[in-house]
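Okay, here's what each chain looks like letter by letter:
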Amino acid sequence: VVTWLTMAAGLIGPIPALHLLGMRYSVWTMMTWGASVAFLGVFFAVPLRRHFLLESQLRFPSGTATAETIRSMFADARRAKSQVGTLIRAAAFAAGTVVLTWCFPRVLRPPVFATLGLASAARWGW
């Protein structure tokens, strides 16, 4: 079910990006699209769950990754401290990046394509 929710978000998520690119959809079109995605998610989740989880014995990748991370963090004290330190540095870097782009929005759109002579890509906001 989680996989289908992720897929549904992947089918609904690009709509704001399309709006930024100038594509406009009516409320009824958006409601129809959302209902269609929800319908697919509900009616395909049961047979696919049966196949992938019960018959094929596949595990949830996000839960497996979380369990492996926790297991490796508590396997060796010295290694655990190093891994926690890495996680803290990564979180600090991410927070610093957010603050930097909030204070200086120009950082989000460097003029790479305009510099390379690709003006059409630059007009699309790249």
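Only a predicted model underlies this, so the values are computations on that prediction, with no experimental measurement involved. Sequence order sets the numbering: in each chain, residues are counted from 1 along the sequence as written. Totals for whole chains, interfaces and linings use every residue, but because this is a predicted model, local features are given only for residues with pLDDT of at least 70 and side-chain atom pairs only at 80 or more, for both listing and counting. Side-chain measures were taken over the full set of non-hydrogen atoms in the model, leaving aside hydrogen atoms and water.

1. Observations concerning the overall build of the chain
Here a strand is any run of E in DSSP of at least two residues, a helix any run of H or I of at least four, and the numbering for each starts at the N terminus. Of regular secondary structure, the chain possesses 7 helices and 0 strands. Beginning at the N terminus, the succession of helices and strands in the chain can be written as α-α-α-α-α-α-α. The classification of residues rests on relative accessible area computed with a 1.4 Å probe and restricted to protein chains. Under 20% of the type maximum is buried, over 50% is exposed, and intermediate values are partly exposed. Among the 126 residues that make up the chain, the fraction classed as buried is 9%. Residues count as neighbours in contact if any of their non-hydrogen atoms are within 4.5 Å of one another. For the chain, long-range pairs separated by at least 24 residues make up 28% of all intrachain contacts whose partners lie at least 6 apart in sequence.

2. Quick word on a nonpolar patch on the surface
Patch definition: residues with relative accessible area over 30% and no salt bridge; like charges joined within 9 Å; nonpolar side chains (Val, Leu, Ile, Met, Phe, Trp, Tyr) joined within 5 Å. Here the open area of atoms and residues is found with the Shrake-Rupley method and a 1.4 Å probe, where only the protein chains shown may cover a residue. Note on definitions: salt bridges are taken to be side-chain nitrogens of Lys or Arg within 4 Å of carboxyl oxygens of Asp or Glu. Residues Phe-39, Leu-40, Val-42, Phe-43 and Phe-44 make up a contiguous nonpolar surface patch of roughly 510 Å² in combined accessible area. Looking at where Phe-44 falls in the secondary structure, it is placed in helix α3 (residues 27-55).

3. Details of the side chain of Thr-101
Looking at the element boundaries, Thr-101 is found in helix α5 (residues 77-103). Note on Thr-101: relative accessible area 17%, which makes it buried. Polar contact is defined as a pair of N or O atoms within 3.5 Å, subject to the rule that within protein one atom must be able to donate a hydrogen and the other to accept it, and that residues adjacent in sequence are counted only when both atoms are side-chain atoms. Polar contacts involving the side chain of Thr-101 include one to the main-chain carbonyl oxygen of Val-98, which spans 3.1 Å. Setting aside chain neighbours within four positions, we find Thr-101 in contact with Val-107 and Leu-108.

4. Brief notes about α5
Over its 27 residues, α5 runs 39 Å from end to end, which matches the ideal 39 Å to within 8%, given 1.5 Å per residue. For α5, the full list of buried residues reads Ala-80, Gly-85 and Thr-101. Each helix should span, by expectation, one fewer than its residue count multiplied by 1.5 Å.

5. Considerations on the confidence of the model for the chain
Of the residues in the chain, 71% have a pLDDT of 70 or more, and the chain-wide mean is 76. Scored from 0 to 100, pLDDT reflects the predictor's confidence in each residue. When mean pLDDT is taken per element in the chain, α5 scores highest with 88 and helix α1 (residues 2-12) scores lowest with 60.

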